[in-house]
Amino acid sequence: MLSLALVFLKIGLAAYGGGWTIVGIIKTEIVGRAWLSAEEFARLVAVAQITPGPVALNAATLVGYRLHGIVGATIATLSVVAAPLTLAIVVGNVMARASKRGGELTEALKTGTIGLISMTVWAFAPSAASSPMNLAMAALAFCVSAFTKVNPLWVILGSGVLGAAVRVLFG
Amino acid sequence: MSETQVPGSRPSFLTLFRFFFGISAVTIGGGYVMVPVIQRATEKRGWLAEDEFYDLFATAQSVPGPLALNTAVFVGRRVAGTAGFLAAFLGILIPPFISIIALATILEVIGEWPFIRGFLDGAFAVVPGLTAALAFNMIKKRRWTGLRAALTIVAAVAITLSGTWAVPVFFATVAVSWLAERRAAC
């Protein structure tokens, strides 16, 4: 339980670059520690995406819930936001001024953030390679969200319905 | 720090709580979807002008954490001080917490139905594509120099290979790039 809190505190600290980076870090930490299997984690992410609210928070809540019930969910959720919110209160304005003035800090954070998102892409790439249909859906999702302004939610739901249809029709 | 007072209106804790609760309860798709929704809604209510909002949004991006939550607490604090901060925090946090636990409980029962299983597998299948698109957009938008490209490649490889050390390695790469950027700027 304590290690759950510590892991999510650590995740929150490096949670730059929005929800998906955080999900990538959660995957590396949780699946890396064998707390959940890659397949279990994938299903949690699927649920996190289709539930309202920030996807990273949803994923943290779900992982905590899965491991230790309601108490785990509460601990994981509060831990993952503790460091960011403390930083927001304490240094938010200082950081904003520093990043406006120099630009060097912003650029350094961008370098690290692209590193984190690369890790996320790498962490999820195997699932795209696991079947032709998964590869096709991943490629479609990439094209839609890289080159159009369509809300990714439609891609997620569309792919979900397609997955359900395939499963029901072909087993 | 100077809290600029919004002329005329200072919404109460309950008003702000209901406001953020409502947004968080119905907006699916994470920060990049929620932030514009918060922007339009705060502007419509006359709490924040658009440029003020994007100033706060920039600050929210300079600290780690879920973007939607960070932006909301900054907005809450700007329009109503500490009460606003708390209202935003609780308003954003509570709806997904409840809905996700409800959903997880239901899925324990129906999660193995072929229809549901297929749906979840399908919904997850797009994740590699979505994250790759995110990386693509970050890379496309950045102003590149030789130094930045070299540092970024090193950072990406180091972080990807570092497993559960990813967080400390992330901070190390940020520190190194910061020093390198500063030296290059001189």
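In what follows, the structure referred to is the one given above.
Thresholds applied
The numbering scheme is per chain: residues are counted from 1 as the chain's sequence reads. Naming scheme: in the order in which they are written, chains are lettered from A and ligands are numbered from 1. With pLDDT at 70 or above as the cut-off, local features in this predicted model cover only qualifying residues; side-chain atom pairs require 80 or more to be listed or tallied, and sums for whole chains, interfaces and linings still use all residues. Based on all heavy atoms of the structure, the side-chain values leave hydrogens and waters out of the count. Numbering goes from the N terminus for both helices and strands, where a helix is a DSSP run of H or I of at least four residues and a strand is a run of E of at least two. Summary of the burial criterion: residues with accessible area below 20% of their type's maximum are buried, those above 50% are exposed, and those between are partly exposed, where the area comes from a 1.4 Å probe applied to protein chains only. By definition in these notes, contact holds between two residues if any of their heavy atoms fall within 4.5 Å. Areas reported here follow the Shrake-Rupley algorithm with a probe of radius 1.4 Å; residue values treat only the protein chains shown as occluding. For this count, His and the chain ends are skipped, Lys and Arg are scored as positive, and Asp and Glu as negative. The atom standing in for a charge is NZ when the residue is Lys, CZ when it is Arg, CG when it is Asp and CD when it is Glu. Buried area is a sum: the accessible area each of two parts loses on coming together, probed at 1.4 Å, counted once for each and added. Between Lys or Arg on one side and Asp or Glu on the other, a salt bridge is scored when a side-chain nitrogen of the former is within 4 Å of a carboxyl oxygen of the latter. Think of a polar contact as two N or O atoms within 3.5 Å of one another; within protein, one of them needs to be a possible hydrogen donor and the other a possible acceptor, and neighboring residues in sequence only count if both atoms come from side chains. By the convention adopted, Pro, Cys, Tyr, Trp, Phe, Met, Ile, Leu, Val and Ala count as nonpolar, Lys, Arg, Asp and Glu as charged, and the other residues, Gly among them, as polar. What we call a nonpolar core is a set of buried Ala, Val, Leu, Ile, Met, Phe, Trp, Tyr and Cys residues that are connected through their side-chain atoms within 4.5 Å. When two rings of Phe, Tyr or Trp (its six-membered ring) have centres within 6.5 Å they constitute a pair, described as stacked for plane angles under 30 degrees, edge-to-face for angles over 60, and tilted for the intermediate range. For a ring to carry a charge above it, either NZ of a lysine or CZ of an arginine must fall within 6 Å of the ring centroid while also lying within 35 degrees of the normal to the ring plane.

### Some details on the overall build of chain A
- Within chain A, the regular secondary structure consists of seven helices and zero strands.
- Along chain A, helices and strands appear, N-terminal first, in the series α-α-α-α-α-α-α.
- Principal-axis analysis of the C-alpha atoms places the extent of chain A at approximately 55 × 40 × 25 Å.
- Here chain A, with 171 residues, has 54% of them falling under the buried criterion.
- For chain A, the share of sequence-separated contacts (at least 6 apart) that also reach a separation of at least 24 residues comes to 58%.
- Surface summary for chain A: the accessible area is close to 6900 Å², and the carbon and sulfur share equals 72%.
- Here chain A contributes 11 positive and 5 negative side-chain charges, whose respective centroids are spaced 6 Å apart.

### Some points on the interface of chain A and chain B
- Contacts between the two partners involve 92 residues from chain A, matched on the other side by 89 residues from chain B.
- Regarding the contact of chain A and chain B, the summed buried area is about 7900 Å², with carbon and sulfur atoms giving 76% of it.
- Contact with chain B buries surface across chain A, with Arg43(A), Thr111(A) and Ile114(A) losing the most and accounting together for 8% of the total.
- Put simply, chain A and chain B have five salt bridges between them.
- Where chain A touches chain B, the interface holds nine residue pairs in polar contact (both at pLDDT 80 or more).
- The element best represented in the side of chain A that touches chain B is helix 4 (residues 55–101) of chain A, accounting for 23 residues.
- Grouping the constituent residues of the side of chain A that touches chain B by class yields 55 nonpolar, 27 polar and ten charged.

### Things to note about the environment of Val154(B)
Residues and elements named next belong to chain B.
- Turning to its location among the elements, Val154 is positioned in helix 7 (residues 146–161).
- By relative accessible area, which is 55% here, Val154 ends up exposed.
- Between the alpha carbons of Val154 and Val176 there is a distance of 11 Å; along the sequence they are 22 residues apart.

### A closer look at the nonpolar core
- Residues Phe8(A), Ile26(A), Phe20(B) and Leu69(B) are the most contacted members of the largest nonpolar core, which totals 100 residues.
- For this core, the element with the most residues is helix 4 (residues 67–110) of chain B, which contributes 20 residues.
- Those residues in contact with Phe8(A), other than ones at most four positions away along the chain, are Ile26(A), Ile30(A), Ala60(A), Val63(A), Ala76(A), Ser79(A) and Val80(A).

### Some words on the packing of aromatic side chains
- Counted under the stated rule, the structure contains eleven aromatic pairs over all chains.
- Judged by centre distance (5.7 Å) and plane angle (70 degrees), the ring pair of Phe124(A) and Phe124(B) falls under edge-to-face. One end of the pair, Phe124(A), is in helix 5 (residues 104–128); the other, Phe124(B), is in helix 5 (residues 114–125), on a second chain. Of the two residues, Phe124(A) and Phe124(B), both sit in the buried class.
- Each ring, one from Phe170(B) and one from Phe171(B), has its centre 5.0 Å from the other, and the planes form 70 degrees; the classification is edge-to-face.
- We classify Phe170(B) as buried; its relative accessible area is 0%.
- Three or more aromatic residues link up through ring pairs in this structure, and these residues are Phe142(A), Phe147(A) and Phe136(B).
- When the ring centre of Trp35(A) is taken as reference, the NZ or CZ atom of Arg33(A) above it lies at 5.9 Å.

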